[in-house]
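One-letter residues, chain by chain:
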Amino acid sequence: MMSGSQAFVLAAALLVQGGSAGAAESVSFAKDVVPVLRSHCATCHLTGQEAGNMKLHPAAAWASLVKVASIESPLRRVEPGSPGKSYLMHKLDGTHLDAGGQGVQMPFGAPPLEPEVRERIRSWIAAGAPNN
């Protein structure tokens, strides 16, 4: 039989677990990620012929990122459920060299994305990188 404090700890753990999963699931590729790609990435990664061989315009971005091997690193561009194993996050965070990558932090020639923007992308990847 559980004591009152054990029941409280269990209930709190379940609430935190459910709350974080719900927050991650609420991130939408179309609403949260695509606008960032459109405004910060697609200008240089439009046709797939540019650096990185990625098409990051809205209609092609998901297929160009998710479960696709990076050409600069041993990692996949986006490893669903694992932001730490996703080269995209390393390029955005500026840790790409530590991940066996090359080049410069993205977006190229611009300041790094704001921490909140990177966190939304990280949450989308952690939620399994759905095409939603």
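### Observations concerning the overall build of the protein chain
Logical step 1: Within the protein chain, the regular secondary structure consists of 5 helices and 0 strands.
Logical step 2: Secondary structure elements of the protein chain occur, N-terminal to C-terminal, as α-α-α-α-α.
Logical step 3: Once local pairs closer than 6 in sequence are excluded, the contacts in the protein chain between residues at least 24 apart make up 43%.
Logical step 4: Just so you have it, the protein chain exposes about 7,500 Å², and 62% of that area is on carbon and sulfur atoms.

### So, the confidence of the model for the protein chain
Logical step 1: For the protein chain, per-residue confidence averages 86 on the pLDDT scale, and residues scoring 70 or more make up 81% of the total.
Logical step 2: Across residues 1-24 the pLDDT falls below 50, and counting only partners more than four positions away or on other chains, this stretch makes 5 contacts in the model.

### Section: the environment of R118
Logical step 1: Here R118 lies in helix α5 (residues 115-126).
Logical step 2: Residues R118 and V36, spaced 82 residues apart in sequence, show a C-alpha to C-alpha distance of 9.5 Å.
Logical step 3: Excluding its chain neighbours within four sequence positions, the residues that come into contact with R118 are M89, L92, D93 and L113.

### Remarks on the side chain of K91
Logical step 1: Within the secondary structure, K91 sits in helix α4 (residues 87-93).
Logical step 2: The class for K91 is buried, based on a relative accessible area of 8%.
Logical step 3: Looking at K91, its side chain comes within polar contact range of the side chain of E72, at 3.2 Å.
Logical step 4: Residues in contact with K91, not counting those within four places in the same chain, are E72, H96, Q102, G103, V104, Q105 and M106.

Reading the values: the criteria
Residues numbered from 1 in each chain as written. Predicted model: local features only at pLDDT ≥ 70, side-chain atom pairs only at ≥ 80, totals over all residues. Heavy atoms only, no water. Helix = DSSP H or I, 4+ residues; strand = E, 2+ residues; numbered from the N terminus. Contact = heavy atoms within 4.5 Å. Areas by Shrake-Rupley, 256 points an atom, 1.4 Å probe, with all protein chains shown as cover. pLDDT = per-residue confidence, 0-100. Buried < 20%, exposed > 50% of the residue type's maximum accessible area, 1.4 Å probe, protein only. Polar contact = N/O pair within 3.5 Å; in protein donor to acceptor, adjacent residues only side chain to side chain.

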